[in-house]
Amino acid sequence: MTQHDVVVVGGGHNGLTAAAYLAKAGLDVVVLEAKEYAGGGVVTREATLPGFHHDLHAIAHIFIQGNPLLREDELGLLSRHGLGYVFPDPSIAVTFPDGDHIAFYRDVNRTADTIARISPRDADNYLRFHAFTDQLLDTLMTGLFQPPPPLGEFFAGLDRTEGGQELLRMLLMSYLDVVNEWFEHPKVRAALVRWVSEILAAPEEGGTGAFLLMMVPVIHRYGLGYAVGGSGSLTTALVRALQEQGGTLRTSAPVERFTFTGDRATGVVLASGERVEARRAVVADLNIKQLPGMVDHRFGPDWEHKVRRIKPAGFGLLTGHLALSEAPVFKSGPEVGGAGFQETAVPLPELMRTFDGLKYGVPATGIPSISVASAWDPTRAPAGRHTLYLLCYAPLELDAGRWDDRKEEIFDQVFETFCGLTTNMSAQNVLGRTVESPVDGERFNSAWPSGDPGHFGSQLFQFMGYRPLPNMGYRLPAEGFYLVGPSTHPGSGVTGGARAGAQAVLRDLGLDIAAVMTCT
């Protein structure tokens, strides 16, 4: 048996973030990770051939760029631990089969110029929308990286001013509703809908309007970052920061259950039978739906019912990692090819029919997402060669057959769509590939139901202070027991969001948050 001040269960980037901050506060922290390596979905591996370094899941680091974790370099990830980024410009390009496209540059006026080629009126609308959302961004971004207020209190505050009422109204709407109110042309609407759909929610889902409000100003202020060397470079830097502060990472250490003394969480039992005790706190970087069995159902049937009813994401992902002999050349032209990320769209309402198909088991093979990160970071592939990250939205259950039997066949359709967008791509350019279905994603990480790295949906009723349960504040129903990661605010993606969860732990332990959340 070993003892530490804090035991963190799960070595994803959120678990490591929380652990590093807690260690910086002078606590003796151990992170227990089930896999033989840390990182969760923020990992880079030679998934196809030697020398080709693929980001297995998370690839684009966007929201974390606004996190004081990086912006103020609070853990020294940038200055001491080897983390670096490249920022393509344009960050994203949404392209249509006929060659029309919209490029999202850091410069909002330059972005509007690309919209004007499709719709001059919507170019003006975009500038107006950006001006409206950009003035809210500081408040919204600050709120992402600290514990959220009770949702009712937040709503009441917004309801006191005309501007706040407008924001509240948009938060309650779907992102499709917001797009339709502000924009006119079916392609402009489709481009924005396609981009925001990365949250894995159908466009008409209520309570998703917040994501359009944030994604537009964020991409212009912070851009899209590719971690040099791959997403796993963030994980490596976090591990170094943890160890610099005296913390410990243990891999190949799966936790079987949590232990309690009375109403207090006091440690864990590993699958090996080893006990690890926590003197002050236990922090779980897990899916909240994993917890009932791991705590021997001690929190009762009412709590478990609330957990079970949490709504999953609307769809999943079918992802291919490919080693290419050369970079793709897009028919839409160099502006699309020069973007960090390419999204494929079709005009409304065809796009809406595609999303409807996902509800009935039909993969969205005609609107793939594309990233050739090696074009920006040559460390990811041998000289002259490239990596391709190619994915499509996938139903959680197919209309016919099983994912294990059909994933290669369905991915062939995605690859055919991709080739049709280029002048030079065919099967002959593929040196190696590996394909992962939603089922494979769940096998990769037991916290990802149907392969969803975000754990569950991000509608307003399970977002901000209501994620995962109303006004839980990272605290589980036992003293000294906390939850961080995608199940909690700010939700899915590479955000470093457990900075907020760490603040809740520090506050309860009576430690100086300001001293920890500062650059050293």
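Residues numbered from 1 in each chain as written. Predicted model: local features only at pLDDT ≥ 70, side-chain atom pairs only at ≥ 80, totals over all residues. Heavy atoms only, no water.

### A closer look at the pairing of strand 14 (residues 341-344)
Part 1: Of the two faces of strand 14, the one holding Phe-341 and Glu-343 and the one holding Gln-342 and Thr-344 are both buried throughout.
Part 2: Two elements, strand 6 (residues 92-95) and strand 14, share four bridges in a ladder whose sense is parallel. Note that in strand 14 the partner of Thr-95 across the bridge is Thr-344. (Buried < 20%, exposed > 50% of the residue type's maximum accessible area, 1.4 Å probe, protein only. Helix = DSSP H or I, 4+ residues; strand = E, 2+ residues; numbered from the N terminus. Pairing = 2+ DSSP bridges.)

### Describing the packing of helix 6 (residues 162-172) against helix 9 (residues 209-221)
Part 1: In the contact formed by helix 6 and helix 9, the axes pass within 5 Å of each other and the chain directions differ by 115°. Contacts between helix 6 and helix 9 involve Leu-167, Met-170 and Leu-171 on the former and, on the latter, Gly-209, Ala-210 and Leu-213.
Part 2: Here the residues of the contact of helix 6 with helix 9 sort into five nonpolar, one polar and no charged. (Axes fitted to C-alpha atoms, helices over the stretch in contact; angles between N-to-C directions. Contact = heavy atoms within 4.5 Å. Nonpolar A, V, L, I, M, F, W, Y, C, P; charged D, E, K, R; others polar.)

### Things to note about helix 7 (residues 175-182)
Part 1: If you check which residues of helix 7 are buried, you get Tyr-175, Leu-176, Val-178, Val-179 and Trp-182. The buried residues of helix 7 all sit within an arc of 160° when viewed along its axis, so they share a single face.
Part 2: Buried positions along helix 7 lie against helix 4 (120-144), helix 6, helix 8 (186-196), helix 9 and helix 14 (350-359). (Arc of directions from axis to C-beta.)

### Some thoughts on unusual backbone geometry
Part 1: For the bond running from Asp-89 to Pro-90, omega is 10°, close enough to zero to count as cis.
Part 2: Mapping Pro-90 onto the fold places it in the loop between strand 5 (85-86) and strand 6.
Part 3: In the segment running from Leu-348 into Pro-349, the intervening peptide bond is cis, with an omega of 5°.
Part 4: Within the fold, Pro-349 resides in the loop between strand 14 and helix 14.
Part 5: Even without a glycine there, the phi angle at Ser-252 is positive, about 50°.

### Some words on the UniProt feature "domain: Amine oxidase" (unreviewed entry) in the chain
Part 1: As recorded in UniProt, the sites labelled "domain: Amine oxidase" (unreviewed entry) are residues 15-504.
Part 2: Taken end to end, residues 15-504 comprises 35% helix and 17% strand; its first and last C-alpha atoms sit 14 Å apart. (UniProt positions renumbered as here; feature names shortened; annotations may be inferred.)

### Quick look at the nonpolar core
Part 1: Counting residues in each nonpolar core, the largest one holds 75 residues, and the members touching the most others are Phe-129, Leu-192 and Leu-212.
Part 2: Residues Leu-16, Ala-23, Val-42 and Ala-498 belong to the second largest nonpolar core, which totals 42 residues. (Core = buried A, V, L, I, M, F, W, Y, C linked by side-chain atoms within 4.5 Å.)

### Considerations on the pattern of salt bridges
Where charged atoms of side chains with opposite charge meet at close range, the side chains can pair.
Part 1: Per the counting criterion, the structure on display carries 32 salt bridges.
Part 2: Between Asp-356 and Lys-359 there is a salt bridge, and its shortest N-O distance comes to 3.3 Å. Remark: Lys-359 and Asp-356 occur in helix 14; sequence separation between them is three residues, near one turn of the helix.
Part 3: With relative accessibility at 48%, the residue Lys-359 sits in the partly exposed group.
Part 4: As a salt-bridge pair, Arg-443 and Asp-404 come within 2.6 Å of each other at their nearest N and O atoms. Taken as a pair, Arg-443 in helix 16 (residues 438-444) and Asp-404 in helix 15 (residues 403-420) lie far apart in primary sequence, 39 residues in all.
Part 5: For Arg-443, a relative accessible area of 52% gives the class exposed.
Part 6: Asp-404 gets classed as partly exposed once you look at its relative accessible area, which sits at 31%.
Part 7: Residues joined in a network through salt bridges with shared partners are Arg-402, Asp-404, Asp-405, Lys-407, Asp-440 and Arg-443. (Salt bridge = Lys/Arg side-chain N within 4 Å of Asp/Glu carboxyl O.)

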